[in-house]
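Structural overview for review
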Amino acid sequence: MISALLAAGTSCTNTPQGLTSDGGDFVYNDERFADLQMLRYKVEGFEDLTLKQKTFIYYLQEAALYGRDILFDQNGKYNLRIRKMLEDVYVNYEGDREEENFKAMEVYLKRVWFSNGIHHHYGSEKFVPGFSKEWLASQTELTDEIANVIFNPSVLQKRVNLAEGQDLVKTSASNYYENVSQEEAEAFYEKQKAEGDTLHPVMYGMNSRLVKTESGDFIEKKWTTEGLYGAALKKIVENLKLARPYAEDAQQQKVIDLLISYYETGDLSTFDQYSIAWVENTEPLIDFVNGFIECYGDPLGLKCSWESIVNFKDLEATKRTQTLSANAQWFEDNSPVAPAFKKEKVKGISAKVIKAAILGGDLYPSTAIGINLPNSDWVRAEHGSKSVTIGNLTDAYNQAAKGNGMLQEFAFGPEEIELIEKYGDLTDDLHTDLHECLGHGSGKLLEGVDGDSLKAYGSTIEEARADLFALYYLADPKLVELGLLPNAEAYKASYIAQMQNGLLTQLVRINLGNNLEEAHMRNRALIAHWAYEHGKKDNVMELVKRDGKTYVKINDYEKLRGLFGELLAEIQRVKSTGDFKGAQALVETYGVKIDPTIHKEVLDRYKKLNIAPYKGFINPVYTAVRDKDGNITDVTISYSEGYAEQMLRYSKDYATLPLINE
Ligand code: ZN
């Protein structure tokens, strides 16, 4: 499972600094086209790794890049052909590159690269080309079949169709089923499930295309080194084998062996064995995911798309989470919650913070900022899961947003801007750590209370509980004492961020006229509106109007902390006692409805800033330095490759599959 950036509060804690360089010549923002902004991420600490570790990462990132074509073909059966055709036109074009048709084709191709296919990576609708069929036909040999796929809007409309009442398999353009109806696919896998081990079920269907033959038989074309996508998987296996001697410990070598065996056989119980070995392999600094992992691309949620990420632990950030975990009992004992609802013995959870070294397949260029794997339910229940936050990607998002004008537009004045510029990134990270490591793990249910009694309000209340725990403690002198915050002022940045986001800026993601639906967004609104209403009598904060624009002004940070503590105690009571009516009243009163006047104003202000709604990453380039015998003596990293340059290089050097895969 992944957590996408859209779920996180991203907008208002970013600081404007004009240019986005980070002291040196590293630039986070790269080019922008259509609704997309390309970013770069920095792999800080790579240079300090040992040669063995660098070499390990080098071969793993090769294995990550060799899977690219698999995803293109999974996303649609014409994608590889269209990509190749357009790349040829793009590279060989001799006409005026400023000409309208060419420029439109360039944008279309850049979107195809970004989406790993001809459908939008997020909305999954087919791209509408801005160039004409005649123009394209004048540049290349355009068959009727391909012309129809690109230009006919009623053909292959959506990559994944989830509209109720339709045959989701037949109406989805993704390439996981052939000549099969939804009913047939469901029946096929129901039968497999019924006949298999029900206690420890494998993930049926996850690594194959289901095909109905002309004679009416159903066959699974498995994705293995000897089967479908074999050429790509062979290159991946080859590089996993090269990486293996440099693995960090024996357990990690076992992980690689099981993965190779699974790629060679397609055996799903081997995949489960691999997942178990992987989840138990927690010691190494370097870790990686490489495989058929997430199933969001299949309308039935069975077939997994190929992805890879290679990463290593961020030791600094992980130290932060360890400090919090080590003091978990102190935080529990000193919280404003009633003693009956507190845990006598609390265990901190240390979530790992990692740095991505390379992104591949379905994690590239659009990516997740948090990952929790494996996805098999029984493996999770019996062996646990690994939960990671990808620190350097979050950083890149934050840094790239500096200068997008958001903070200047919505902050009350220079004092607020300064606090956020100085401490915003730090308090953001700490907020996440407190929320994840301590907040969710704190408190307890009274005996006999059913964990599901808050029903549809449960997740909003749970998120509010974790956020309030974080907000309350951000202002505690204990954090300065533990060395996690530099002084007693810093926390104010997080209070400004919380209030601005909850009252104003998070509304940019909602269409006018809609309510708040998502739990994290409801929780932020709940906290902000509750604190605003309850602080009125003491003038804790105000909504100030200036030139027709609304600003949040906090007058008394101490009292605001008191309010957060009060609400935390109440929310914990609601949770601990299973008070459904209490939860309903809080969420419905403060967390759902949006004032249409404020909403419109916020949307108008946001629109003027002209910020691209979707972002993705250009990978760094790793180069192996070899001696005359071919031994690797160093691995260098560089960040200078352009977006088109990178995509064209990948299409050339890592092209593994034929254009048609049957
Ligand atoms: Zn949470």
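Along each chain, the written sequence defines residue order, and numbers are assigned to residues from 1. At least 70 in pLDDT is required for a residue's local features to be given in this predicted model, at least 80 for side-chain atom pairs to be given and counted, and no such filter applies to totals for whole chains, interfaces and linings, which use all residues. Only hydrogens and water are removed before side-chain values are computed, so all heavy atoms of the structure are retained for them.

Quick word on the sheet that holds strand β6 (residues 218–222)
- Across the sheet, which stays open at both edges, the three strands sit in the order β4-β5-β6 with mixed pairing between neighbours. Each edge of the open sheet is held by one strand with a lone partner, namely β4 (177–178) and β6.
- In this structure, strand β5 (residues 208–212) lies alongside β6, joined through five bridges in antiparallel fashion. Residue pairing for β6: S208 is matched across the bridge by K222. Strands qualify as paired when DSSP identifies two bridges or more between them. Strands are runs of DSSP state E lasting at least 2 residues, helices are runs of H or I lasting at least 4, and numbering of each runs from the N terminus.

Some remarks on the pattern of salt bridges
- Should a side-chain nitrogen of Lys or Arg be within 4 Å of a carboxyl oxygen of Asp or Glu, the pair is scored as a salt bridge. Applying the stated criterion across every chain, the model contains 41 salt bridges.
- Between D257 and R244 there is a salt bridge, with its nearest N and O atoms 2.6 Å apart. Pair noted here: D257 is in helix α9 (residues 250–265) and R244 is in the loop between α8 (230–243) and α9, with a separation of 13 residues, a long-range link.
- For every residue, the accessible area (1.4 Å probe, protein chains only) is compared with the maximum for its type, and the residue is labelled buried under 20%, exposed over 50%, or partly exposed between those bounds. The class for R244 is partly exposed, based on a relative accessible area of 27%.
- The shortest N-O distance in the salt bridge between K575 and E462 comes to 2.8 Å. With a gap of 113 residues between them, K575 in helix α21 (residues 557–577) and E462 in helix α17 (residues 458–474) connect regions that are remote in the sequence.
- Overlapping salt bridges, with partners in common, bring together E409, K545, K549, E601 and R605 in one network.

So, the sheet that holds strand β14 (residues 614–618)
- If you trace the three strands from one edge of the open sheet to the other, you get β2-β3-β14, paired in mixed fashion. The open sheet has two free edges, formed respectively by β2 (29–33) and β14, since each of these has just one partner strand. The average angle at which neighbouring strand axes cross in this sheet is 25°, direction not considered.
- The pairing of strand β3 (residues 36–40) with β14 spans five bridges and is classified as parallel. Within the sheet, the bridge partner assigned to L39 lies in β14 and is F617.
- Against the sheet, helix α4 (residues 100–115) touches β2, β3 and β14, its axis set at about 120° to β2. Geometry is summarised by axes, namely lines fitted to C-alpha atoms with helices restricted to the contacting stretch, and by angles between N-to-C directions that run from 0 to 180 degrees. Here, residues are in contact when the closest pair of their heavy atoms is within 4.5 Å.

Considering the confidence of the model for the chain
- The predictor rates its confidence in each residue with pLDDT, a number between 0 and 100. Here the chain averages 92 in pLDDT, while 96% of its residues score no lower than 70.
- Contacts for the low-pLDDT stretch residues 4–23, under 50 throughout, to residues beyond four places or in other chains number 58 contacts.

Observations regarding α4
- To estimate the expected span of a helix, count its residues, drop one, and scale the result by 1.5 Å. Between its terminal C-alpha atoms α4 stretches 23 Å, which fits the 22 Å expected from 16 residues at 1.5 Å a residue.
- Summarising burial for α4: 12 of the 16 residues are buried, a large majority.
- Here α4 has its buried residues at N101, F102, M105, E106, Y108, L109, K110, R111, V112, W113, F114 and S115.
- Where α4 terminates, the next one or two residues include N116, which has phi positive at roughly 55°.

Describing the side chain of N619
- Mapping N619 onto the fold places it in the loop between β14 and β15 (621–626).
- Reaching out from N619, the side chain makes a polar contact with the side chain of Y41 at a distance of 2.6 Å.
- Whenever a nitrogen or oxygen atom comes within 3.5 Å of another N or O atom, the pair is scored as a polar contact, on the condition that within protein one atom can donate a hydrogen and the other can accept it, and that pairs from neighbouring residues in sequence are kept only if both atoms are in side chains. Here Y650 takes part through its side chain, which lies 3.2 Å from a polar atom of the side chain of N619.
- Residues contacting N619, with those up to four places away along its chain left out, are Y41, L65, I358, L359, Y364, Q646 and Y650.

Considering the state of the cysteines
- Cysteine sulfur atoms are paired as a disulfide whenever they fall within 2.5 Å. Applying the stated criterion across every chain yields a total of zero disulfides.
- Unpaired in terms of disulfides, C295 finds its nearest cysteine sulfur in C304, a separation of 4.7 Å.
- Judged by its relative accessible area of 22%, C295 falls in the partly exposed class.
- Given a relative accessible area of 0%, C304 falls into the buried group.

A look at the coordination of the zinc ion
- For the zinc ion, the protein coordination sphere consists of H435 (NE2), H440 (NE2) and E463 (OE), at 2.1 to 2.2 Å.
- Note: metal donors comprise N, O and S atoms at 2.8 Å or less from the metal (3.2 Å for Na, K and Ca); water molecules are not included, so apparent gaps in a site are possible. Mapping the donors of the zinc ion onto the primary sequence gives the spacing H-x4-H-x22-E. Here H435 is found in helix α16 (residues 414–439), whereas its partner E463 is found in helix α17, with 28 residues between them in sequence.
- Since its relative accessible area comes to 11%, E463 is described here as buried.

Regarding helix α20 (residues 519–535)
- Taking 1.5 Å of rise per residue, 17 residues should cover 24 Å, and α20 covers 24 Å from first to last C-alpha, within 8% of that figure.
- Across the 17 residues of α20, 13 count as buried, placing the element largely inside the fold.

Things to note about unusual backbone geometry
- Omega for the bond connecting Y364 with P365 falls within 30 degrees of zero, at -5°, which places this linkage in the cis form.
- Of note, P365 is situated in the loop between β9 (352–361) and β10 (370–373).
- Here the phi dihedral of N179 falls at roughly 65°; this positive angle occurs in a residue that is not glycine.
- Turning to its location among the elements, N179 is positioned in the loop between β4 and α7 (182–195).
- Notably, N610 is not glycine yet its phi reads approximately 55°, a positive angle.
- By the secondary structure assignment, N610 is in the loop between α23 (596–609) and β14.
- Note on N610: relative accessible area 55%, which makes it exposed.

Considering the side chain of R465
- Within the element layout of this structure, R465 appears in helix α17.
- Taking the relative accessible area as the measure of exposure, R465 reaches 3% and is therefore buried.
- Not counting the four nearest positions on each side in its chain, R465 is found in contact with G439, H440, S442, G443, L568, I571, Q572 and K575.

Overview of the packing of helix α2 (residues 68–75) against helix α3 (residues 79–92)
- For the pair α2 and α3, interaxial distance at closest approach is 7 Å and the crossing angle is 115°. Contacts between α2 and α3 involve R68, D69, F72, D73 and N75 from the former and N79, L80 and R83 from the latter.

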